[in-house]
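Residue-level structural notes
Next come the chains, spelled out residue by residue.
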Amino acid sequence: GGLTHDEGVALATPMVAQGQLPLLQRWIGEGRLRPSEQLADVLCDAERGGPAAALPMYREAGVDEKATLCLVETGDLEALREE
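The sections below set out a description of the structure shown in this document. Quantities reported herein were computed from a predicted structural model and do not represent experimental measurements.

What counts, and at which threshold
Residues numbered from 1 in each chain as written. Predicted model: local features only at pLDDT ≥ 70, side-chain atom pairs only at ≥ 80, totals over all residues. Heavy atoms only, no water. Axes fitted to C-alpha atoms, helices over the stretch in contact; angles between N-to-C directions. Helix = DSSP H or I, 4+ residues; strand = E, 2+ residues; numbered from the N terminus. Parallel < 35°, antiparallel > 145°, perpendicular 65-115°, else oblique. Contact = heavy atoms within 4.5 Å. Core = buried A, V, L, I, M, F, W, Y, C linked by side-chain atoms within 4.5 Å. Buried < 20%, exposed > 50% of the residue type's maximum accessible area, 1.4 Å probe, protein only.

Before going further, it helps to examine the packing of helix H3 (residues 37-44) against helix H4 (residues 50-61). Contact geometry for H3 and H4: axes closest at 8 Å, N-to-C directions at 170°. Judged by the inter-axis angle, H3 sits roughly antiparallel to H4. Across from Glu37, Leu39, Ala40, Asp41, Leu43 and Cys44 in H3, the residues of H4 making contact are Gly50, Pro51, Ala53, Ala54, Met57, Tyr58 and Ala61.

Attention now moves to the nonpolar core. Within the largest apolar cluster, 25 residues are counted, with the highest numbers of intra-cluster contacts made by Leu24, Leu39, Leu43, Ala54 and Tyr58. For this core, the secondary-structure elements that each account for two or more residues are helix H1 (5-17), helix H2 (21-29), H3, H4 and helix H5 (64-74). Setting aside anything within four residues of it in sequence, one finds Tyr58 in contact with Glu37, Ala40, Asp41, Cys44, Val63, Lys66, Ala67 and Cys70.

Checked against the element boundaries, Arg34 lands in the loop between H2 and H3. Through-space distance from the C-alpha of Arg34 to that of Leu3 is 7.5 Å; in sequence the pair is 31 residues apart. When residues no more than four places from it in sequence are discounted, the contact partners of Arg34 are Leu3, Thr4, His5 and Leu39.

So, to be careful, I would describe these as geometric facts and stop short of saying anything about function.
Encoded structure:
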């Protein structure tokens, strides 16, 4: 089974700091971590690819304002126009 919300955020924070974003993304895809605004916030702070990684999680969590900010940060103007 997956981790609780708090466990997922607590695990993700040091992993992002250590550059483990690809592993976290795999775990999210496998359902080991549950999408949430807080987890997306942690992903968004990753030095490389953070906003792109956080974008689908913000969308799934229904946090449209932060999803839009991720689009701006990634420079995806086409997707931004569709919002």
